[in-house]
Amino acid sequence: MGKRGSRSQSQLLNTLTKKQKKHLRDFGEEHPFYDRVSGKEAKPQIYQPSESSDTSGSESEAESEPEQVSGYHRLLATLKNVSEEEEEEEEVEEDSAVDEAEMDDDDGESDVTVEEETAPESAKVWESPPDPEGKGGDGPLGTSQESSEEFTDAKHESLFSLETNFLEEESGGTCSLNASQDPFLQHVNKELKEKEIQAVATNSKTTHQLKWPILGQLVFSSKFQKLETFKPSKDIDLKSLHLQKPLESTWTKTNSQFLSGSPKSSSPFTPLQKELFLIMNSYRDLFYPERTALKNGEEIRHVYCLHVINHVLKANAQVLANNSRRRSQKLGVGDDDDFRDQGLTRPKVLIVVPFREAALRVVQLFISLLEGDSKKKIIVSNKKRFKGEYGSDPEERPPNLKRPEDYEAVFVGNIDDHFRIGVAILQRSIRLYAPFYSSDILIASPLGLRTIIGGEGEKKRDFDFLSSIELLIIDQADIYLMQNWEHVLHLMNHMNLLPLDSHGVDFSRVRMWSLNNWSKYYRQTLLFGALQDAQINSVFNKYCVNLQGQVAVRNVPMTGSISHVLVQLPHVFQRMEAENLASVIDDRFNFFVNKILPQYRDAVMSHTLIYVPSYFDFVRLRNYFKKEELNFTHICEYTPKSGVSRARHFFLQGEKQFLLLTERFHFYKRCCESRIQSFPGFVHSSYPAP
């Protein structure tokens, strides 16, 4: 009978779906939607109480009749035993069998298509468009509520909570050197006065130029009265940098791939990394416009990840140490100002990267910096899910696709540009997919942040998680010019604003400069790009007001890109005059159609490609060409593949005299380089400002 009963239970268990199993385990009964209703109509039964029944009748009946245990309750007991074993096994992340169990469990909880990674709502699920209240709604493309839900890790909330944990002795609090010399403590403990804040609006920037061996010409600037500059030291010691444990031991191994070329050097940094980290560790704003994917991109990514982990470990160690101090002291003893160690919300670091591949590499560096060559592996929750959603399959790439080296370096791996993920770090553990308000580090693309922040007038929007960002890193800023620069400006306009909700914060632990809405003066911004651009410079000059000052690399280009043109073509630059900045767009268009275009309307100029940086200028030119009935074709980033092939064929065969091409299409596709015979440009940068 025992075997037959267990066999029937196992058969019943196999017939249930994963949703039914979860509901049965949580509520002790099968979901009413899945009730099996027989075709026969049940006859009503009339209950007639006995004459001797009284108030204690129910108790006597319960004592006399044996308890009937249903098959579902026996099945529930089996599921509970299995779930307890699974929870114990899930704590060991290195076990591959556990990873598979977690994936099965995640898939069983919700049959949804995961489009984005994390949500800025503690213990609630974000949807697209953003839903701060956790309610349902259709996405922008008409997707259903289920397909737009995101996965957030809610089961590790207590394990990574800063309020309920304390500092472990073996993890190490501060570094061995004098804590008063720590740049982190000097920065966060420095108190500004009201007069200094008011003077920032009227003070002009004080600048000073220095030349460093590797970075070249640096411009130090500050709106505060005191401007301090420094030069890099020849030798650098890890202990003098006040790195938090275990970074002193793990950094050398993590950075070993860049040190292999110079075995004689004992420095753990490359010359470029050393100078960059000295500026980062001084908590000054930095703009470095010479970051390229081919040469020094990964080298720079390593050094700013070291700075991020060092900052987060120090900030969390300070909170955990104060938790221990408050626990050891009696109630009412001590000053509350001694424990002010955090902001209005938990997120401290925001890293903006263009593609999922960049986010994957950043997280991998975090794991490597915390783990190093230690035999004891750190705990990384949801690691397998993260690799599946942020990794890439090499077989998906077309085998015959040939592109330049710089294109291959930029568009490598998963190039999805709509993502966001929260990362929580507590001592030697990492929690991926943490809710935004339970995260220390946020990694997102401009588009992923834009869908959360929303716009004015939208009911479902949230930007409180940006209120206490202490370290902002914008990497590969030049790529955002090709995506949508408005998203970057929208993000900067919502940085370090007072939150609309308290989000459960303990105001007795919040720093005074954060309560005074002075967080933007304590925020460090690191801006990396591949070129000097007016829009990038504007962001650095307008939104970077760090009290420690700003440092910008201003090297004059010695070799221009025009020297890389192999085909012998005449290069003619046209100068135009404009009355003011407001009329530049119209003046440029009129100058082009009246002065430049007539030179190429001759039949001899049968192959003329017009390269347009702005999509708005492209639309205006396209409409003008249609109105004038010119023989032309056009390609933009929104043109389908069939239209691109047709336009390229007509232009190659000479059937179309003009080809309008947008800069964004050339950036993402690079398929017209070998077909260009004439290259006169309608390029905005060719015309100097009036």
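Read on for a plain summary of the structure. (Residues numbered from 1 in each chain as written. Predicted model: local features only at pLDDT ≥ 70, side-chain atom pairs only at ≥ 80, totals over all residues. Heavy atoms only, no water.)

Our focus in this paragraph is the pairing of strand β7 (residues 429–432). Burial along β7 is two-sided: the residues Ser429 and Arg431 and Ile430 and Leu432 are all buried. Looking at chain direction, strand β5 (residues 379–381) and β7 are connected through three bridges and run parallel. Of the residues in β7, the one forming a bridge with Ser381 is Arg431. Across four bridges, the pairing between strand β6 (residues 420–426) and β7 is antiparallel. For Ala424, the partnering residue across the bridge sits in β7 and is Arg431. Here β6 folds back onto β7, and the loop between the two strands holds two residues, one of which, Gln427, carries a positive phi near 60°. (Buried < 20%, exposed > 50% of the residue type's maximum accessible area, 1.4 Å probe, protein only. Helix = DSSP H or I, 4+ residues; strand = E, 2+ residues; numbered from the N terminus. Pairing = 2+ DSSP bridges.)

On to the nonpolar core, then. One finds Tyr304, Ile351, Phe366, Ile430, Ile441 and Ile443 to be the most contacted residues of the largest nonpolar core, which totals 62 residues. Ranked by residues supplied to this core, first place goes to helix α12 (residues 356–371) with 10 residues. Excluding residues that lie within four positions of it along the chain, Tyr304 makes contacts with Met280, Ile351, Val353, Val362, Ile473, Asp475 and Phe528. (Core = buried A, V, L, I, M, F, W, Y, C linked by side-chain atoms within 4.5 Å. Contact = heavy atoms within 4.5 Å.)

The next point concerns the sheet that holds strand β4 (residues 349–352). The mixed open sheet is built from 11 strands, whose spatial order is β1-β2-β11-β3-β10-β9-β4-β8-β6-β7-β5. Every other strand in the sheet has two partners, leaving β1 (206–212) and β5 as the edge strands with one partner each. Taking each pair of neighbouring strands and ignoring which way they run, the sheet shows an average axis angle of 15°. Judged from the seven bridges that link them, β1 and strand β2 (residues 216–222) form a sheet pairing that is antiparallel. Note that in β2 the partner of Thr207 across the bridge is Ser221. (Axes fitted to C-alpha atoms, helices over the stretch in contact; angles between N-to-C directions.)

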